[in-house]
Amino acid sequence: MLIMGPPGAGKGTQAELLAKRLGIPAISTGDIFRANISAGTPLGVEVKRYLDAGEYVPDSITNEMVRGRLAEPDAADGFLLDGYPRTLAQVEFLDGVLAESGTQLDRVIELTVDVDEVVQRLHKRAMEAGRSDDSEEVIRRRQEVYLEETAPLIAVYSERGLVAKVDGMGTVDEVAARVADAVSEPFQR
């Protein structure tokens, strides 16, 4: 499965809750990026440069990281990707990786939120965690990049009959209940 939505929509929180409920790993490219940044690895230095500018990390870096993660034993019986894919090229790459392993996506959860709510959430997170990548200018740029590059993926997955739109507004528990309902609903391929 995938969970999608603009930065700050609550994907990470909902991914963790859903993954725990289903007994599968939540795989977040953002968490992997931040771990590398904190450790000061060469990859982390390069990733930080992109994140601080409000840009996405290049596919060449992200794709191979995801391929490696999906090959780990805990993802053999299922996984929930959070923050990937973000471009049409990444969709094609993921399709290839899944085809190689004889698997396919079952569902794409799209969290929808109000832009002002997203800005509020990210400012709160920045204050709590001291994240340098969450200035208002960078938040607004991320929203623009999301609309330009990531939103078209919803159309691709909608054509495949995989998308379940979920209102991301409300408490964590309210949204989690809506996500659980969306995952358990029958859908057509």
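Presented here is a report on the structure given in the accompanying data block. (Residues numbered from 1 in each chain as written. Predicted model: local features only at pLDDT ≥ 70, side-chain atom pairs only at ≥ 80, totals over all residues. Heavy atoms only, no water.)

### Observations concerning the nonpolar core
Nonpolar side chains in soluble globular proteins generally cluster together in the buried interior. Worth spelling out the cut-off: Among buried residues, those of type Ala, Val, Leu, Ile, Met, Phe, Trp, Tyr and Cys that are joined through side-chain atoms within 4.5 Å constitute a nonpolar core. Exposure is judged per residue with a 1.4 Å probe applied to protein chains only, and the accessible area is read against the type maximum: over 50% gives exposed, under 20% gives buried, and values in between give partly exposed. Strands here mean DSSP runs of E at least two residues long; helices mean DSSP runs of H or I at least four residues long; both are numbered from the N terminus. Here a residue-residue contact requires only that any non-hydrogen atoms of the pair lie within 4.5 Å.
Counting 21 residues, the largest nonpolar core has Leu80, Ile109, Leu111 and Val179 as the members making the most contacts within it. Contributions of two or more residues to this core are made by helix H1 (11–22), strand E4 (108–112), helix H6 (115–129), strand E5 (163–167) and helix H8 (172–184). With four residues, H8 is the single largest residue contributor to this core. Setting aside residues no more than four positions away along its own chain, Leu80 makes contact with Met1, Leu2, Ile3, Ala15, Leu18, Ala19, Ile24, Pro25, Ala26 and Ile27. Grouped together as the second largest cluster of nonpolar side chains are 20 residues, Met4, Leu70, Ala75 and Val97 included.

### Looking at the pairing of E4
Put simply, side chains in a regular strand alternate between the two faces of the sheet. Definition in use: The rule for pairing is simple: two strands pair if DSSP sees at least two bridges between them.
Summarising burial for E4: four of the five residues are buried, a large majority. Bridge count for strand E1 (residues 2–4) against E4 is three bridges, and the pairing is parallel. Residue pairing across strands places Met4 opposite Glu110, the latter belonging to E4.

### Quick word on H1
Here is the rule: Here the expected span of a helix is defined as 1.5 Å times the quantity of residues minus one. The arc refers to the directions leading from the helix axis to the C-beta atoms.
Its twelve residues give H1 an end-to-end C-alpha distance of 16 Å, which sits within 8% of 16 Å, the value for a rise of 1.5 Å per residue. What H1 keeps buried is the set Lys11, Gln14, Ala15, Leu18 and Ala19. Projected down its long axis, H1 carries its buried residues within an arc of 130 degrees, all on one side. Buried residues belonging to H1 abut E1, strand E2 (26–28), strand E3 (80–82), E4 and H8.

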